[in-house]
Amino acid sequence: MAFEKLKETLEKNGFAVSVFADGRAAAAYLNREIDGVTVGCGGSMTLTELGLQESLAAHNTLYAHGITPGAPEEVMAKAAAAEVYLLSANAIAEDTGEILNIDGTGNRISSLLFGHRKVYLVAGKNKVSPDYDSALWRLRNVVAPRNARRLGRNTPCAAKADRCYNCSSPDRICKGLVVLYQKMRSMDMEVVLIDQELGY
Ligand code: SF4
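### Quick look at the overall build of the protein
- Across its full length, the protein holds eight helices and ten strands.
- Here the C-alpha radius of gyration of the protein, 16 Å, is about what a compact globule of 200 residues would show, namely 16 Å.
- With respect to the three principal axes, the spread of C-alpha positions in the protein is 40 × 40 × 30 Å.
- Counting across all 200 residues of the protein, residues that qualify as buried make up 51%.
- Contacts spanning at least 24 positions in sequence make up 71% of the contacts within the protein whose residues lie at least 6 apart.
- Surface exposure of the protein reaches about 9400 Å², of which carbon and sulfur atoms provide 50%.

### Considerations on the sheet that holds strand β4 (residues 84-88)
- In space, the six strands of this open sheet follow the order β1-β10-β7-β4-β2-β3, with parallel pairing throughout. The open sheet has two free edges, formed respectively by β1 (16-20) and β3 (61-63), since each of these has just one partner strand. Averaged over all adjacent pairs, the angle separating strand axes in this sheet is 20 degrees, with direction ignored.
- Alignment of β4 against strand β7 (residues 118-124), held across five bridges, turns out to be parallel. By the bridge assignment for β7, leucine 87 is matched with leucine 121.

### Points about unusual backbone geometry
- Positive phi, normally seen in glycine, also occurs at alanine 161, with a value near 50 degrees.
- Summarising the element assignment, alanine 161 is placed in the loop between α8 (156-160) and β9 (176-180).
- Despite not being glycine, asparagine 166 has its phi angle at roughly 50 degrees, a positive value.
- Checked against the element boundaries, asparagine 166 lands in the loop between α8 and β9.

### Structural notes on the environment of glycine 106
- With respect to the helices and strands, the residue glycine 106 is situated in the loop between β6 (99-103) and α6 (107-111).
- The spatial distance from the C-alpha of glycine 106 to the C-alpha of asparagine 154 is 19 Å, given a sequence separation of 48 residues.

### Digging into the packing of aromatic side chains
- For the coordinates displayed, the defined rule picks out one aromatic pair.
- The interplanar angle of 40 degrees and the centroid separation of 5.1 Å between the aromatic rings of phenylalanine 20 and tyrosine 29 together place this pair among those described as tilted. Take phenylalanine 20 and tyrosine 29: they sit in the same class, and that class is buried.

### A word on the side chain of serine 44
- Along the chain, the position of serine 44 falls in the loop between β2 (38-41) and α3 (45-49).
- Taking the relative accessible area as the measure of exposure, serine 44 reaches 6% and is therefore buried.
- Residues within four places of serine 44 in sequence aside, it is in contact with Gln53 and Ser88.

### A look at the site of the ligand
- Surveying the vicinity of the ligand reveals the residues Arg140, Ala144, Thr155, Cys157, Cys164, Tyr165, Asn166, Cys167, Arg172, Ile173 and Cys174.
- Partitioned by chemical class, the residues of the shell around the ligand number seven nonpolar, two polar and two charged.

### Section: the nonpolar core
- If you look at the biggest cluster of nonpolar residues, it comprises 24 residues, and the most contacted ones within it are Phe15, Ile99, Leu121 and Leu193.
- Those elements giving two or more residues to this core turn out to be α1 (4-12), α5 (72-80), β4, β7, β9 and β10 (188-194).
- Not counting chain neighbours up to four residues away, the residues in contact with phenylalanine 15 comprise Leu10, Ile99, Leu121, Leu180, Gln182, Lys183, Met189 and Val191.
- Core analysis: the second largest hydrophobic core is formed by 22 residues, Ala27, Leu30, Leu56 and Ile194 among them.

The rules we used
Residues numbered from 1 in each chain as written. Predicted model: local features only at pLDDT ≥ 70, side-chain atom pairs only at ≥ 80, totals over all residues. Heavy atoms only, no water. Helix = DSSP H or I, 4+ residues; strand = E, 2+ residues; numbered from the N terminus. Rg over C-alpha atoms; globule rule 2.2 N^0.38 Å. Buried < 20%, exposed > 50% of the residue type's maximum accessible area, 1.4 Å probe, protein only. Contact = heavy atoms within 4.5 Å. Areas by Shrake-Rupley, 256 points an atom, 1.4 Å probe, with all protein chains shown as cover. Pairing = 2+ DSSP bridges. Axes fitted to C-alpha atoms, helices over the stretch in contact; angles between N-to-C directions. Phe/Tyr/Trp six-rings, centres within 6.5 Å; stacked < 30°, edge-to-face > 60°. Near = heavy atom within 4 Å. Nonpolar A, V, L, I, M, F, W, Y, C, P; charged D, E, K, R; others polar. Core = buried A, V, L, I, M, F, W, Y, C linked by side-chain atoms within 4.5 Å.

Shown next as structure tokens:
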């Protein structure tokens with residue numbers, strides 16, 4: 001089974017874990033699990049590639065900035081108060097199960113810590129790194145530059161999307177890092193692992 005060892009490690013860290021061969025099966029599962037509730041979504045190419053914002057909005061009340069009409073700050077505030085929250089994991093350290101997420105606005109990483117009934121972290125196989133150091137390297141040199149380019153940020157990494165230049169640009173996309181050693185105490189948390197490359 002794909003992710004067999006990682007699943008075991010994440011479960012020891014207190015997370016529920018589900019594993020899927022492809023994104024279609026994962027999206028179908030999430031649409032069965034999440035029904036008739038308020039749902040917040042963090043910005044995520046993984047969720048977008050799975051079409052989850054659209055499919056979940058058909059039978060839930062969904063708040064996703066850039067998709068839900070309204071000022072982004074207002075949509076993010078409603079997402080922060082939603083019963084269920086979805087985001088992707090930026091990187092997972094395979095040896096320890098540490099889950100790393102980096103953020104500029106802070107809406108995604110704050111929702112990782114508190115305030116929801118349940119949080120789902122969705123991750124394709126490209127998000128799994130051998131250890132913490134390589135996971136952090138991936139955040140700084142792959143995830144942030146590609147997102148900076150996608151969002152049209154005025155940062156040195158956006159021009160080439162090749163590596164981090166440790167900039168002090170006002171547009172800097174990576175202002176905070178959250179590392180989950182274990183599941184947070186007050187919320188259910190589930191990691192959805194997909195044996196397919198998704199997002200950055
Ligand atoms: S610190 Fe600056 S250059 Fe480095 S990834 Fe973040 S935004 Fe890009």
